[in-house]
Each structure stands twice: as C-alpha cells, then as structure tokens.
Amino acid sequence: MDKKSAINIASVLSEALPYLQRLNKKTIVIKFGGNAMVDDALKNSFARDIVLLKQVGVNPVVVHGGGPQIGKLLEKIGKESKFIDGMRVTDSETMDVVEMVLGGLVNKSIVNLINHNGGKAVGLTGKDGAMIRAKKLEITRESAASSTSEIIDLGHVGEVTTIDPSIVNTLDAGDFIPVIAPIGVGQDAASYNINADIVAGKMAVVLGAEKLLLLTNTPGILDKQDNILTGLNARKVKKLINDGTISGGMLPKVNCALDAVNSGVKTAHIIDGRVEHAVLLELLTDEGVGTLINS
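Residues numbered from 1 in each chain as written. Predicted model: local features only at pLDDT ≥ 70, side-chain atom pairs only at ≥ 80, totals over all residues. Heavy atoms only, no water.

*Asks:* Would you mind going over the pattern of salt bridges with me for this structure?
*Replies:* Here the structure, examined in full by the defined rule, presents ten salt bridges. Between aspartate 197 and lysine 253 there is a salt bridge whose closest N-O contact spans 2.7 Å. Note that aspartate 197 is positioned in helix H6 (residues 196-207) and lysine 253 in helix H8 (residues 250-262), a separation of 56 residues in sequence. Residues glutamate 210 and lysine 266 are paired through a salt bridge, measuring 4.0 Å at the closest nitrogen-oxygen approach. On the criterion of sequence distance, the pair formed by glutamate 210 in the loop between H6 and strand S13 (211-216) and lysine 266 in the loop between H8 and strand S15 (267-272) is long-range, its members being 56 residues apart. On the basis of relative accessibility, which here comes to 51%, the residue lysine 266 falls in the exposed class. Beyond isolated ion pairs, a larger network of salt bridges with shared partners links Lys26, Glu210 and Lys266. (Salt bridge = Lys/Arg side-chain N within 4 Å of Asp/Glu carboxyl O. Helix = DSSP H or I, 4+ residues; strand = E, 2+ residues; numbered from the N terminus. Buried < 20%, exposed > 50% of the residue type's maximum accessible area, 1.4 Å probe, protein only.)

As structure tokens, then:
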C-alpha cells in the first residue's frame, strides 16, 4: 500500500469517529432484503458490516425477508405463487414452505455468513420464545359490482400484535447478533408470514433503537427528477405522498419508516442495498447512500 492510499484510509476512519461515538452501545435494526440477499459480493459485504458494527460497540439486530427464495422453492414443487395487492396468498402448504425457507435456508445462510466473518450470530424466528405474537391480516376491497366491501382472505399472512424483546436483549448483552425471520405465532398456535419491513419497524420501536435501516433495490426516495431526497421529516414525506412523488412499492417502506420515527426511533433510513458496504456508508460517512427520515 502506498502512502496516499494509507492516508485515504486514515481519513475515512477519522471521518467515522463521531458517528461511532454517537452509536456506541446503541441498537440499530436492519432489514436485509432485495439484491443484497442474492448477490454473493453484497451478502458478504453486508455480513462484514454487521460484524464491524458489533466489534465497535453497536448492537445490530437483523430482520430479513426472502420472497424470491420462497417463490423459487414453490416453483420447484410445482405450486403457483399467488399475490393480492403485492402480498403472497399463503395457504397451509405455502406456509410450510415459508417456514422452511425463511426460518431455515435463508436465516441460517445469513447466520453462517456473519459467523464466517468473525461475528457470533444466532438465528431466530418470531416463534422462538413467542417473541412475535401475530394475528391474521384482514384486508378489505371495494366490490366492483356493488358499493359494499369484501374481505380478502390471504391465508397465513399476519400482522404484529406484540413483540417480546427479552430474547433479543439477552443476545445483545451476550455479544451475539440476532438474525430474525419474520414469522409470528397466533393465539391459536398458527404460524403467520409477516412483511419483513413491518417486523423490522416494530422491532426497532420495542427495542428503543437509535436507527432503523431498510435495504432496498433503489437509491432511496427520489424526486420527480430522480434526485435522492434525504433529511426528510413527517411533514415533508406526507407532502411528497400527496403530490405523487412517493408512490407504488415505496409507499409501504416509507409508512413503515414514519411509524417507527413517530414511535420513538430517532431516525429511519431507506438505503440502496445494491451498493457494497451500504450499511457502513450510510451510518459512518457524511455522504450516505440513501434517504434519512426523522420525526
């Protein structure tokens, strides 16, 4: 390494210092999904980011999705994937596959990557210790044939009712890194598939997290000229929703971020998971790689 490269590295580390000081002993909840979960280089850089954060005194909690992986396994067994309003219809057979993929293949793959890079990760689902209590998600839709509303049955798709953070707190205190699959358990002991963004947001609130990070396949929230917007508050976000700047698939993520910051999480970040070391770049540099939202 030449002297110039060494000075650049030292400069980057120096820039990170005030951020590290502010984040020391703080909890950060990170939703891991999108391209970052299927690209080997991105998966490895994510794992290294998580290990480094834990090493320097931050408590990262990972919540992950796995929709594409679920779809692939369903296709292999000859079962068609059905979606309503972007949500997977989850009958009992599909729920078995969801648990196999999220709680098994995907979860243990992330755990293994973190451990391989020097961390101590522990994989969980929301069923462990009854951590995530859930109930069946009911959505309604206006009938085209009449003025009445109809209830859409999505099967084992759930919403969070309560979260017991005691397992996560115990793992954090023991220098372990929790990796959580978004599967909840109902009062009837049934399993429920829950949107990972929502679980991450609710988890951040319950843990009193400093930050919520949502990894996406976009640079963040964009204006109508495709420039990244950041430093947004609830009032600005609502204005962007009302004028159509924020729409489509970004709406649920933005609403999740708003719910978190309005419930005590200091900041939420929607960041570009297609960038290597996106987590560190957003948390520890002046530039960042996404959109910051606060209350």
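*Asks:* How do you make sense of the sheet that holds strand S10 (residues 177-181) when you look at a structure like this?
*Replies:* What holds strands together in a sheet is hydrogen bonding between their backbones, with the strands either parallel or antiparallel. The sheet built from eight strands is open, its strands ordered S5-S10-S2-S1-S13-S15-S16-S14 with mixed pairing. Of all the strands in the sheet, the pair left with one neighbour each is strand S5 (121-125) and strand S14 (232-233). Bridge analysis of S5 against S10 gives five bridges, and the strand direction is parallel. The partner of glycine 123 across the bridge, within S10, is valine 179. Here helix H2 (residues 40-55) sits on the sheet in contact with strand S1 (27-32), strand S2 (59-64), S10 and S13, set at roughly 150° to S2. (Pairing = 2+ DSSP bridges. Contact = heavy atoms within 4.5 Å. Axes fitted to C-alpha atoms, helices over the stretch in contact; angles between N-to-C directions.)

*Asks:* In this structure, what is going on with the layout of surface pockets? I would like to understand it.
*Replies:* To find leftover empty space, one rolls a probe the size of a water molecule over the atoms. Considered as a void within the structure, the largest pocket measures approximately 1,300 Å³ in volume. Lining of the largest pocket is provided by 45 residues; of these, Lys31, Gly86, Asn195, Ala196 and Asp197 occupy positions nearest its centre. At the level of elements, helix H3 (67-76), strand S4 (87-88), strand S9 (158-163), H6, S13 and H8 are the ones that each hand at least two residues to the lining of the largest pocket. Counted by class, the lining of the largest pocket contains 20 nonpolar, 17 polar and eight charged residues. Each pocket or cavity is described by its volume, and for the second largest pocket that value is around 310 Å³. Lining the second largest pocket are 19 residues, and of these Tyr19, Lys211, His269, Glu282 and Leu292 lie nearest its centre. Elements represented by at least two residues in the lining of the second largest pocket include exactly helix H1 (3-23), S15, helix H9 (278-284) and strand S16 (290-294). Take the lining of the second largest pocket: its biggest share by element is three residues, from H1. Considering only residue class, the lining of the second largest pocket consists of six nonpolar, six polar and seven charged. (1 Å grid on protein atoms, 1.4 Å probe; cavity = no way out; pocket = protein on both sides within 12 Å on 5 of 7 lines; lining within 4 Å. Points joined across faces, edges and corners; volume = space filled by probe spheres on them. Nonpolar A, V, L, I, M, F, W, Y, C, P; charged D, E, K, R; others polar.)

*Asks:* Help me understand the packing of aromatic side chains in this model?
*Replies:* The geometry of an aromatic ring pair is captured by the separation of the ring centres together with the interplanar angle, meaning the angle of the planes. Under the definition given, this model contains one aromatic pair. When the centroid spacing of 3.9 Å and the interplanar angle of 5° are considered together, the rings of phenylalanine 32 and phenylalanine 46 count as stacked. With phenylalanine 32 in strand S1 and phenylalanine 46 in helix H2, this residue pair connects regions lying 14 residues apart in the sequence. Note on phenylalanine 32: relative accessible area 3%, which makes it buried. (Phe/Tyr/Trp six-rings, centres within 6.5 Å; stacked < 30°, edge-to-face > 60°.)

*Asks:* I tried to follow helix H4 (residues 92-116) on my own but got confused; where do I start?
*Replies:* An α-helical turn contains 3.6 residues, so a residue and the one three or four places further along point in the same direction. Compared with an ideal rise of 1.5 Å per residue, which puts 25 residues at 36 Å, H4 spans 34 Å between its outermost C-alpha atoms and is within 8% of the ideal. Along H4, the positions that sit buried rather than exposed are Thr94, Met95, Val97, Val98, Val101, Leu102, Gly103, Val106, Asn107, Ile110, Val111 and Ile114. Phi for glycine 118, located one or two positions after H4, is positive at around 100°. (Expected span 1.5 Å × (residues − 1).)

*Asks:* Please explain the side chain of lysine 31 as it appears in this structure.
*Replies:* Relative to the helices and strands, lysine 31 is located in strand S1. Discounting chain neighbours no more than four positions away, the residues touching lysine 31 are Val63, Gly65, Ala196, Asp197, Ala200, Leu213, Leu214, Leu215 and Lys253.

*Asks:* Would you explain the packing of H6 against H8 in this entry?
*Replies:* Helix packing geometry: the angle between the two helix axes and the distance between the axes. Put simply, H6 and H8 touch, their axes get as near as 9 Å, and they point 10° apart. Comparing their axes, H8 and H6 come out roughly parallel. Side by side, H6 and H8 meet where Asp197, Ile198, Gly201 and Val205 of the first sit next to Lys253, Cys256 and Ala260 of the second. Along the lines of polarity and charge, the residues of the contact of H6 with H8 split into four nonpolar, one polar and two charged. (Parallel < 35°, antiparallel > 145°, perpendicular 65-115°, else oblique.)

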